[in-house]
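Single-letter residue listing:
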Amino acid sequence: MTAIDPRPLTGEPVSLDLLNTRWNEEGVRQDLLTGVEGLAVWLGSNGLGRRFPADAATLRHTLAARDALAALVARPGDPAATARVDAVLDHGRIRATLTGEGPGERVEFADPARGPGWTAARDYLDLLRTAPDRIRACAHEACILHFFDTSRNGTRRWCSMAACGNRAKASRHYARTKES
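None of the values given here were measured: they were computed from a predicted structure.

(A) Highlighting the environment of W23. Summarising the element assignment, W23 is placed in strand 1 (residues 22–25). When the C-alpha positions of W23 and A110 are compared, they lie 32 Å apart, and in sequence the two are 87 residues distant. Here W23 is in contact with P6, R7, P8, V28, R29, Q30, D31, L32, I144 and L145, once residues within four sequence places are set aside. Here the side chain of W23 touches E25 through a polar contact of 3.4 Å, side chain to side chain.

(B) Highlighting the pattern of salt bridges. Applying the stated criterion across every chain, the model contains 11 salt bridges. In this structure, R66 engages D31 in a salt bridge whose closest nitrogen and oxygen atoms are separated by 2.9 Å. With a gap of 35 residues between them, R66 in helix 3 (residues 56–74) and D31 in strand 2 (residues 28–31) connect regions that are remote in the sequence. Looking at R66, the relative accessible area reads 3%, which means it is buried. With a closest N to O distance of 2.7 Å, D126 and R129 form a salt bridge. With a gap of three residues between them, D126 and R129 both fall in helix 5 (residues 115–130), about one helical turn apart. For D126, a relative accessible area of 31% gives the class partly exposed. Taking the relative accessible area as the measure of exposure, R129 reaches 56% and is therefore exposed. Each of the salt bridges in this network shares a partner with another, and the network as a whole consists of R93, R95, R106 and E108.

Thresholds applied
- Residues numbered from 1 in each chain as written.
- Predicted model: local features only at pLDDT ≥ 70, side-chain atom pairs only at ≥ 80, totals over all residues.
- Heavy atoms only, no water.
- Helix = DSSP H or I, 4+ residues; strand = E, 2+ residues; numbered from the N terminus.
- Contact = heavy atoms within 4.5 Å.
- Polar contact = N/O pair within 3.5 Å; in protein donor to acceptor, adjacent residues only side chain to side chain.
- Salt bridge = Lys/Arg side-chain N within 4 Å of Asp/Glu carboxyl O.
- Buried < 20%, exposed > 50% of the residue type's maximum accessible area, 1.4 Å probe, protein only.

So, in C-alpha coordinates, the structure goes:
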(Lines give C-alpha, C1' and ligand atoms only; values in the text may rest on other atoms or scores of the structure.)
Protein backbone atom coordinates (compact mmCIF):
# COMPACT_ATOMS: atom_id res chain seq x y z
CA MET A 1 0.00 0.00 0.00
CA THR A 2 1.30 3.45 -0.97
CA ALA A 3 1.53 6.19 1.64
CA ILE A 4 -0.76 9.22 1.48
CA ASP A 5 0.56 12.15 -0.54
CA PRO A 6 1.36 14.92 1.99
CA ARG A 7 1.67 17.77 -0.51
CA PRO A 8 -0.68 20.77 -0.30
CA LEU A 9 -1.31 20.84 -4.07
CA THR A 10 -1.78 17.75 -6.20
CA GLY A 11 -3.56 16.99 -9.43
CA GLU A 12 -1.68 19.44 -11.62
CA PRO A 13 -0.29 18.24 -14.97
CA VAL A 14 2.53 15.77 -14.32
CA SER A 15 5.31 18.26 -15.18
CA LEU A 16 4.07 20.83 -12.68
CA ASP A 17 3.21 18.10 -10.19
CA LEU A 18 6.86 17.04 -10.32
CA LEU A 19 7.92 20.62 -9.52
CA ASN A 20 5.39 20.59 -6.67
CA THR A 21 7.25 17.76 -4.94
CA ARG A 22 9.00 20.64 -3.16
CA TRP A 23 6.90 23.02 -1.09
CA ASN A 24 7.03 25.28 1.95
CA GLU A 25 5.18 24.34 5.10
CA GLU A 26 5.16 26.93 7.88
CA GLY A 27 8.37 28.43 6.51
CA VAL A 28 10.20 25.10 6.20
CA ARG A 29 11.12 23.64 2.82
CA GLN A 30 9.68 20.15 2.31
CA ASP A 31 10.70 17.65 -0.36
CA LEU A 32 8.71 14.53 -1.18
CA LEU A 33 11.55 13.05 -3.24
CA THR A 34 14.14 12.46 -0.53
CA GLY A 35 13.92 8.69 -0.99
CA VAL A 36 12.28 5.93 -2.96
CA GLU A 37 9.28 5.94 -0.60
CA GLY A 38 8.42 9.49 -1.63
CA LEU A 39 9.04 8.59 -5.27
CA ALA A 40 6.53 5.74 -4.90
CA VAL A 41 3.98 8.21 -3.53
CA TRP A 42 4.56 10.62 -6.45
CA LEU A 43 4.44 7.84 -9.05
CA GLY A 44 1.20 6.55 -7.53
CA SER A 45 -0.36 10.01 -7.40
CA ASN A 46 0.29 10.41 -11.13
CA GLY A 47 -0.78 6.96 -12.28
CA LEU A 48 2.81 5.99 -13.06
CA GLY A 49 3.35 3.47 -10.27
CA ARG A 50 2.51 0.41 -12.36
CA ARG A 51 4.66 1.51 -15.31
CA PHE A 52 7.88 2.54 -13.60
CA PRO A 53 9.95 1.21 -10.69
CA ALA A 54 10.34 3.21 -7.49
CA ASP A 55 14.04 2.55 -7.08
CA ALA A 56 17.26 4.51 -6.64
CA ALA A 57 17.96 4.85 -10.38
CA THR A 58 14.44 6.13 -11.11
CA LEU A 59 14.72 8.57 -8.21
CA ARG A 60 18.06 9.89 -9.48
CA HIS A 61 16.73 10.43 -13.03
CA THR A 62 13.45 11.91 -11.79
CA LEU A 63 15.33 14.41 -9.61
CA ALA A 64 17.47 15.39 -12.61
CA ALA A 65 14.29 15.98 -14.63
CA ARG A 66 12.76 18.03 -11.80
CA ASP A 67 15.88 20.21 -11.61
CA ALA A 68 15.88 20.67 -15.39
CA LEU A 69 12.21 21.65 -15.44
CA ALA A 70 12.67 24.00 -12.47
CA ALA A 71 15.52 25.75 -14.28
CA LEU A 72 13.42 26.17 -17.43
CA VAL A 73 10.36 27.42 -15.53
CA ALA A 74 12.55 29.93 -13.68
CA ARG A 75 14.27 31.07 -16.89
CA PRO A 76 12.03 30.39 -19.91
CA GLY A 77 14.02 30.36 -23.13
CA ASP A 78 17.38 30.15 -21.37
CA PRO A 79 19.63 28.04 -23.65
CA ALA A 80 21.27 26.16 -20.76
CA ALA A 81 17.91 25.34 -19.15
CA THR A 82 16.49 24.30 -22.52
CA ALA A 83 19.48 22.01 -23.10
CA ARG A 84 18.91 20.34 -19.73
CA VAL A 85 15.29 19.54 -20.59
CA ASP A 86 16.36 18.34 -24.04
CA ALA A 87 18.87 16.02 -22.35
CA VAL A 88 16.00 14.49 -20.34
CA LEU A 89 13.94 14.09 -23.53
CA ASP A 90 16.83 12.31 -25.27
CA HIS A 91 16.08 9.19 -23.22
CA GLY A 92 12.66 8.34 -24.65
CA ARG A 93 10.76 8.37 -27.89
CA ILE A 94 7.26 8.08 -29.21
CA ARG A 95 6.61 5.31 -31.70
CA ALA A 96 3.61 5.66 -34.01
CA THR A 97 1.40 2.58 -34.02
CA LEU A 98 -1.69 1.33 -35.79
CA THR A 99 -4.09 -0.62 -33.63
CA GLY A 100 -7.54 -2.12 -34.07
CA GLU A 101 -8.92 1.17 -32.72
CA GLY A 102 -6.91 3.24 -35.20
CA PRO A 103 -3.72 5.32 -35.05
CA GLY A 104 -1.92 5.44 -31.76
CA GLU A 105 1.37 6.09 -30.05
CA ARG A 106 3.58 4.06 -27.75
CA VAL A 107 6.30 5.58 -25.59
CA GLU A 108 9.59 3.68 -25.50
CA PHE A 109 12.56 3.96 -23.16
CA ALA A 110 15.93 2.22 -23.35
CA ASP A 111 15.98 2.48 -19.54
CA PRO A 112 12.60 2.44 -17.72
CA ALA A 113 14.21 4.39 -14.83
CA ARG A 114 14.20 7.43 -17.10
CA GLY A 115 10.47 7.12 -17.84
CA PRO A 116 8.94 9.31 -15.12
CA GLY A 117 11.33 12.21 -15.77
CA TRP A 118 10.83 11.92 -19.53
CA THR A 119 7.05 11.78 -19.07
CA ALA A 120 7.14 14.99 -17.03
CA ALA A 121 9.39 16.77 -19.56
CA ARG A 122 7.15 15.66 -22.43
CA ASP A 123 4.10 16.91 -20.54
CA TYR A 124 5.77 20.30 -20.14
CA LEU A 125 6.18 20.49 -23.93
CA ASP A 126 2.45 19.81 -24.26
CA LEU A 127 1.67 22.65 -21.83
CA LEU A 128 3.93 24.97 -23.82
CA ARG A 129 2.07 24.01 -27.01
CA THR A 130 -1.34 24.44 -25.37
CA ALA A 131 -1.04 27.69 -23.42
CA PRO A 132 2.41 28.74 -22.17
CA ASP A 133 0.95 31.87 -20.58
CA ARG A 134 -1.14 29.68 -18.25
CA ILE A 135 1.86 28.00 -16.62
CA ARG A 136 2.09 29.93 -13.36
CA ALA A 137 3.89 30.15 -10.07
CA CYS A 138 1.75 30.94 -7.05
CA ALA A 139 1.67 34.69 -6.40
CA HIS A 140 2.14 34.30 -2.64
CA GLU A 141 5.70 35.34 -1.78
CA ALA A 142 6.29 32.37 0.54
CA CYS A 143 4.88 29.74 -1.83
CA ILE A 144 6.96 27.85 -4.38
CA LEU A 145 4.16 25.82 -5.98
CA HIS A 146 3.19 25.89 -9.66
CA PHE A 147 -0.12 25.35 -11.43
CA PHE A 148 -1.70 25.36 -14.85
CA ASP A 149 -4.40 28.03 -14.91
CA THR A 150 -7.57 26.44 -16.21
CA SER A 151 -9.86 29.28 -15.09
CA ARG A 152 -12.15 30.61 -17.79
CA ASN A 153 -10.65 34.10 -17.87
CA GLY A 154 -7.07 33.00 -17.14
CA THR A 155 -6.56 35.20 -14.08
CA ARG A 156 -5.84 32.62 -11.36
CA ARG A 157 -3.01 33.85 -9.11
CA TRP A 158 -2.84 31.37 -6.25
CA CYS A 159 -2.04 27.69 -6.02
CA SER A 160 -5.05 27.52 -3.72
CA MET A 161 -7.52 30.23 -2.91
CA ALA A 162 -8.20 28.53 0.45
CA ALA A 163 -4.53 28.62 1.46
CA CYS A 164 -2.31 31.17 -0.29
CA GLY A 165 -5.12 33.36 -1.61
CA ASN A 166 -6.70 33.58 1.83
CA ARG A 167 -3.33 34.38 3.48
CA ALA A 168 -2.75 37.19 0.99
CA LYS A 169 -6.22 38.63 1.58
CA ALA A 170 -5.72 38.42 5.35
CA SER A 171 -2.34 40.20 5.05
CA ARG A 172 -3.90 43.00 3.00
CA HIS A 173 -6.74 43.34 5.49
CA TYR A 174 -4.28 43.46 8.40
CA ALA A 175 -2.20 46.13 6.63
CA ARG A 176 -5.33 48.26 5.97
CA THR A 177 -6.54 48.01 9.58
CA LYS A 178 -3.08 48.76 10.92
CA GLU A 179 -2.92 51.95 8.85
CA SER A 180 -6.28 53.19 10.21
